[in-house]
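Listed below, chain by chain, are the residues.
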Amino acid sequence: MSLEGYRGRLLELLRSAGASVGDELVVSTASGDVEGTLMPRYQLSDQLHLVLKLKNGYNVGMALGRISGVRVKGKGREPSFSPPPRPRATAGLPKVLILGTGGTIASRVDYRTGGVKAALSSEELYHLVPELSGIADISTEATMNIYSENMTAEHWSALARRAGDALKEGFDGIVVTHGTDTMHYTSAALSFALDSPPVPVVLVGSQRSSDRPSSDSATNLIGAVTFAARAPVSGVFVVMHAGPGDDELAIHAGVRVRKLHTSRRDAFRSVNGAPAGTMKDGEMRLDQSLPPRRSGAAGLSVIPGFDGRASLLKVYPGFHSSLIGDLVRGGCRGIVLEGTGLGHAPSSSYADIADAAKSGVFVGMSSQCMNGSVRMTVYDTGRDLAKLGVVPLGDMLSEVALVKLMWLLGQGYDSPKVADMMTKNLRGELRERRPL
Ligand code: ASP
């Protein structure tokens, strides 16, 4: 019996009525009976309201104190899904591996409850977008099935290992289907862990699940597979809608991209520079400086270790810098401070920052402005921080800096080596300042 999210007395009441999420219930109150489908609750929602979806589609919360009885009128059925037969692949097409990790692109609406469920495997995605069979000879593998907010450094390592093996197995391109929330962290992780991939490794997600009319998943997936199969370039990229329409996709470098909108289909944008390319009606316009596609895996290094003991802290007025000491005592080995403006933190935080740096913890500075570059030489406050041992991280995005730090720590480097590598451009994540 699933009573997702219900706790305490409400859980007992529903249990004793034999109810499950998705069942048709009659809930009695002093002012009459209400009929509807029992909805799940979020883990963190209050314990005092039962939620019913009424016939007219509205959800109502019913206060526990007003409920005098619950009766199950009809049992809900688990939604079932049988994919159509797999289309026949055309011979001689490039071989592309789709690695599924989860997220909205691999989910659909549960129409009993209206919630989005992670339910589609990458195999099923292929069935659902039969156009793919005319673009590439596709293999699919579900490496995990999680929403991307649940990704960890271990997941990045596992994914990098599998992608690395697949590159050595000779695939012509790899597509990673991924939740959008943290897709830019994973694209950075794969960028560092896969040094000189011979072919494109493309991350793709969708903002609306596959079975909604406004879904972007088919367009994005077709674009990602087309790019992985045919682009004359190599590297780690994110492919998503370029605008609100379905006609143009943007190709973003894995270390230069960020999710900048909660819901729009063109949520992903290259920051601090133009995207690496665009794709319209299958025609690609690509940055000429991208490394070319190669055949064979010679030159590829797979360096998958990530150490999750690093943190990203946003600086704000009245910054509670004692957090830094808490992190250090908890075993944190590196901190990226996302400073204000050119890379600043309040002087009240200096002692905590200095203590961390003295204890051998790497402390780097990125900027919450996102555009532009950290410059800690302009104001004396920046110079003070540099004297305390804070390392300026140029125009590297904060999320990319965190991932890079976890990766360098995962290689077992000591603090000076980490500091040295954090200030070197390895994968396009750090650009030299250019005079205007
Ligand atoms: N929370 C979801 C995730 O990141 C959203 C999405 O897939 O787009 O996995």
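Please refer to the structure higher up on the page.
Residues numbered from 1 in each chain as written. Predicted model: local features only at pLDDT ≥ 70, side-chain atom pairs only at ≥ 80, totals over all residues. Heavy atoms only, no water.

### Points about the overall build of the chain
- Broken down by element type, the chain carries 10 helices and 23 strands.
- For the chain, the C-alpha radius of gyration of 25 Å lies close to 22 Å, the compact-globule estimate for 436 residues.
- Projected onto its principal axes, the C-alpha coordinates of the chain cover approximately 70 × 65 × 35 Å.
- Each of the 436 residues in the chain was classed as buried or not, and the buried ones make up 49%.
- Sequence separation of at least 24 residues holds for 71% of the intrachain contacts in the chain that already meet a minimum separation of 6.
- Carbon and sulfur atoms provide 52% of the accessible area of the chain, an area that totals close to 19600 Å².
- Counting 48 positive and 43 negative side-chain charges, the chain places the centres of these two groups 1 Å from one another. (Helix = DSSP H or I, 4+ residues; strand = E, 2+ residues; numbered from the N terminus. Rg over C-alpha atoms; globule rule 2.2 N^0.38 Å. Buried < 20%, exposed > 50% of the residue type's maximum accessible area, 1.4 Å probe, protein only. Contact = heavy atoms within 4.5 Å. Areas by Shrake-Rupley, 256 points an atom, 1.4 Å probe, with all protein chains shown as cover. Lys, Arg positive; Asp, Glu negative; His and termini not counted. Charge placed at Lys NZ, Arg CZ, Asp CG, Glu CD.)

### Looking at the site of the ligand
- The ligand sits among G103, T104, Y147, S148, E149, G179, T180, D181 and S206.
- Between an oxygen atom of the ligand and a side-chain N or O atom of S148, the distance comes to 2.6 Å.
- One of the side-chain N or O atoms of T180 is found 2.4 Å from an oxygen atom in the ligand.
- Coverage of the ligand by the protein chains reaches 89% of its 260 Å² of free accessible surface.
- Residues belonging to the shell around the ligand are distributed by class as follows: one nonpolar, six polar and two charged. (Near = heavy atom within 4 Å. Polar contact = N/O pair within 3.5 Å; in protein donor to acceptor, adjacent residues only side chain to side chain. Nonpolar A, V, L, I, M, F, W, Y, C, P; charged D, E, K, R; others polar.)

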